[in-house]
Each structure stands twice: as structure tokens, then as C-alpha cells.
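# A closer look at the structure
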Amino acid sequence: MPRWKAFFAQHLRWSSGVTQALVLSVITFCVVLPLCCHRLLYSYFFIRSMYLDSMSEQVLRESLERGQDAFHFWQSASTAAAVSSRFGDIAQHPELLVTVVTARRNEGRDFHYLLQVMQQLSVILGSCGERRCAEVLICDVESGPQENQDANLLEAHFKVVRRSPQERQGNREWVNTFEREKRDYVFCLRRGWELVQPRNMVVLEDDALPRQDFFTVVKDLLSRRFALQTLYVKLYHPERLQRYWNPEPYRILEWVGLGLVGATALLLSFPYWNSCSFSFTLSSSHLLFFTLYFMAAAELLGRHYLLEVRRLSPQLYAVSPATECCTPAMLFPGNSSLRVAEYLDGSFCVKGNAKDMVLYRMARTIPGGRSHSVEPNLITHIGAYSSVRANPSRPKLL
């Protein structure tokens, strides 16, 4: 028999580990995962051409419905009276102050993002009992000739702060979008501190919809030791950027660890459950194969979906070094909001050097400065239409 035939005859029998590994890989990565994941937005198997448009339209419709419901909610006289009596006054030196930064949106105004966020905050704050989880402040940074109608509607129910006429006049000099956005952020950081001097501060943008466990997790984060030595904690990172295949070193370690744990658990279970008569054992070669197998499966499925398991308990939320992108939801422990405001005020923002990039560098250049991110996200970013940047005619999820 020729050597090549002898080789294949030896290694392609079902009893061969090579054959079993090959068949298992083909079934998993060419059949099972594509069938299960082709409609998962953040999976590598997601079929964009088939599902992206319809899913984007569905999310827009749902957001529009929530916006209209929130608009009617805040217009309701009976609900308004109840909410007004609870959130209109802000106590001094609260444990936590939530500042919501808002501006008028020329596009997407029917979605009423601010009203959605404030309705959700009122609901989850109402579940805290007699003692409030946090005080809430709306920071309206609209400087144009037209008013922010949603902020005006909420003024009867929440404390709303704005620049004085003199400050607005001085703020009308032309600067680029990124610098103006940074100045508005600094104004809200300082005004929130000056108003009540909170022990800790959360700053939300007006399209950052808090999840139901928002305050429970924030309270747990503040009780951890790392919070005493951090400038800020990011409470949101875009789902599309949460993959393992990423520059962040800690994710690579997490990825390898997941593969090793999965491989070890599977190989240890084979002596007790092996319906397909696999010949795998706890050897170094088989351990390496299954480690890579689980790593590939986790990445192709989507790390975002694995992170959702951590929502079972606030203690399971992971804290890691902060990433660069995005500031829809930020936690500033202690008086770090003042330090951040001072640093931002000394930096000029342009395209490629927006406030999130400035903050990222700040935590790495200031002695003793640290920054963190929490996973999974504590807010849902619902802002399909931006108030400061150009918008497409019909926004897409990706």
C-alpha cells in the first residue's frame, strides 16, 4: 500500500483523535454556530445583508414608541405631580448625584431621548424605597436661539441648570464641535459639584438609558477598594468593540483563561459522559486543541453575549482598565469630577482628540491616575440621531 494511503488509513479512522477533532470542528464552526448565530448582531456569523436593515428599522420603531410614551408620561398631570414632589428638590452632600447632560436635537426630536432617560431614572429611583439611591440633576447646555423643549417639560419635575445669560453670550464664540462638547461637559461637572457637593457623581448623556440594576451595581462598584484610587469608571463601551480580538491585554488573558477552563472541564467529563465514543484524554495535545476550540467558539459567537451572564449578580460585573472610546455614562468617585474638569479645561479638543481621548491620556499621564471600565454595560445607548454630528437619513445599528 502506498505511504499516503497508509497515512490516511491510519489517521482518518473514527478512532483517531485527528479525525474526531476535524469532524467536531467542521460541525461546530460550519454548521452549529452559523445556524445559531446568523441573527446575532455582534457575532461574526451575523448576516448583515439579510438582517441589518430590518433590525435597524425595528429598533428605531421601538425607540420612537418609547419616546412617544415618555412624552405622554411627562405630560400627564397626575404623574407629573407625583414625580415633581419626589425629585424637584436636591439634598446637599448626597451619596450620589446623577447629572444628565442634554441639548436640543434638530434631528430625531420625536424620539425624545431625554424624556426616555428621565422616565427610566424615575422608575428605578422609585424602587429604592424611602431613602433615595441618588439625587438627579438635568444640565441643559443648549446655547442656540431655540430652546430645549424636552428640558423645559421636565423643569417642573427635576432640577434643571443652565448657563446664565452672560455665560451663554460668552460661550457663543465659534469653536469646533468637539471643543464645544467638551466645554459643555466641563460646565456640567462643575455646576453639579457647586450645587450640592456630592460624595460621588455619575454623568449621563441624554441618550444613555440606564438598565434596571443601574444603581445596585453602581453602589457595589463604589464599595470596592479600587474606587478610592480611580479618576473615573466608564459604565459603557460599544458592544461592537467588546470582542476578545482586541488590543487590550486583559482580554487576551481572559480569552485564554476561558479556553483553558472550558477545555479542562470537557476533558475531565469524558470518562463519565461520552456518547460519541470520543478518544480524547487530558493530554497536552488534546488540552491545546480544546483550548483553541473554545477560544475560537467564544470569539465567533461574540464576547458581548458571554458578558450578559454576569448580570446575574452585581458582584459578577467585571472591572478592567478603561478603554479609549466614548463617554455616554461615567462614574466619578469622590471629588475626582473636579480634577477631571480642570484637566479637560486645559485641553483643546479637535477631531481625533475628543474628550474621551483626552480623558484616556489623562489617566495615564497624571501621577497616581487610574481609570476603569465595567462590563457588561450599565446603560443602553439609544441615540441613533446625534445632537452634535451629521446624521444619516436612516441610522443603522452597525
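Residues numbered from 1 in each chain as written. Predicted model: local features only at pLDDT ≥ 70, side-chain atom pairs only at ≥ 80, totals over all residues. Heavy atoms only, no water.

## So, the nonpolar core
Nonpolar side chains in soluble globular proteins tend to be buried together. So the rule is basically this: In plain words, nonpolar cores are sets of buried Ala, Val, Leu, Ile, Met, Phe, Trp, Tyr and Cys residues tied together by side-chain atoms within 4.5 Å. The classification of residues rests on relative accessible area computed with a 1.4 Å probe and restricted to protein chains. Under 20% of the type maximum is buried, over 50% is exposed, and intermediate values are partly exposed. Under the DSSP-based scheme used, a helix requires at least four consecutive residues in state H or I and a strand at least two consecutive residues in state E, with every element numbered from the N terminus. Contacts were defined at the residue level, with two residues in contact if any of their heavy atoms lie within 4.5 Å.
If you look at the biggest cluster of nonpolar residues, it comprises 44 residues, and the most contacted ones within it are Met118, Leu121, Leu204, Phe214, Phe215, Leu235 and Leu378. Looking at which element gives the most residues to this core, the answer is helix 5 (residues 113-126), with 8 residues. With residues near it in sequence (within four places) discarded, Leu121 still touches Val98, Val100, Val136, Leu204, Pro210 and Phe215.

## What to know about the packing of aromatic side chains
Cut-off, in case you're wondering: Here is the rule: rings of Phe, Tyr and Trp (six-membered ring for Trp) pair when centre to centre is within 6.5 Å. Planes less than 30 degrees apart are stacked, more than 60 are edge-to-face, and the remainder are tilted. We call a charge positioned above a ring when the Lys NZ or Arg CZ atom is no farther than 6 Å from the ring centre and deviates by at most 35 degrees from the ring normal.
If you walk through the whole model with that rule in mind, you get 18 aromatic pairs. With centroids separated by 6.4 Å and ring planes inclined at 40°, the aromatic side chains of Tyr42 and Tyr305 adopt a geometry described as tilted. With a gap of 263 residues between them, Tyr42 in the loop between helix 2 (17-37) and helix 3 (48-75) and Tyr305 in helix 12 (residues 303-307) connect regions that are remote in the sequence. In textbook terms, an aromatic cluster arises when at least three aromatic residues are bridged by ring pairs, as seen for Phe29, Phe270, Phe280, Phe289, Phe290, Tyr293 and Phe294. One cation-aromatic arrangement involves Arg303 over Tyr244; the distance from NZ or CZ to the ring centre is 5.4 Å. Residue placement shows Arg364 over the ring face of Tyr360; its charged tip is 3.8 Å from the ring centre.

## Section: the state of the cysteines
Working definition of a disulfide: a covalent bond connecting the sulfur atoms of two cysteines. Put simply, the test is: Whenever a pair of cysteine sulfur atoms sits within 2.5 Å, that pair is classed as a disulfide.
Scanning all chains against the criterion turns up 2 disulfides. Paired by a disulfide, Cys139 and Cys188 hold their sulfur atoms 2.1 Å apart. Given an S-S torsion of about -85°, the disulfide between Cys139 and Cys188 has left-handed geometry. Of this pair, Cys139 sits in strand 2 (residues 135-140) while Cys188 is found in helix 8 (residues 177-196), placing the two residues 49 residues apart along the sequence. Of the residues examined, Cys139 reaches a relative accessible area of 0% and is grouped as buried. On the accessibility criterion, Cys188 (2% relative accessible area) is buried.

## Brief notes about a nonpolar patch on the surface
Threshold: Residues forming no salt bridge and having over 30% relative accessible area are the ones grouped into patches, like charges within 9 Å of each other and nonpolar side chains (Val, Leu, Ile, Met, Phe, Trp, Tyr) within 5 Å. Only the protein chains shown count as covering a residue, and every accessible area follows the Shrake-Rupley method with a 1.4 Å probe. The salt bridge criterion pairs a side-chain nitrogen of Lys or Arg with a carboxyl oxygen of Asp or Glu, the two atoms within 4 Å.
A contiguous nonpolar patch, built from Val23, Ile27, Val31, Val32 and Leu35 and spanning about 400 Å² of accessible area, is present on the exposed surface. Residue position: Val31 is located in helix 2.

## Examining the environment of Phe87
Inspection of the secondary structure puts Phe87 in helix 4 (residues 77-87). Given a relative accessible area of 5%, Phe87 falls into the buried group. In this structure, the C-alpha to C-alpha distance between Phe87 and Gln212, residues 125 residues apart in sequence, is 18 Å.

## Re the UniProt feature "transmembrane region" (unreviewed entry) in the protein
Keep this limit in mind: UniProt positions are given in the numbering used here, feature names are shortened, and annotations may be inferred rather than shown by experiment.
Taking the UniProt record as the reference, the feature "transmembrane region" (unreviewed entry) is found at residues 20-42, 252-273 and 285-302. With 82% helix and 0% strand, residues 252-273 has its two end C-alpha atoms placed 31 Å apart.

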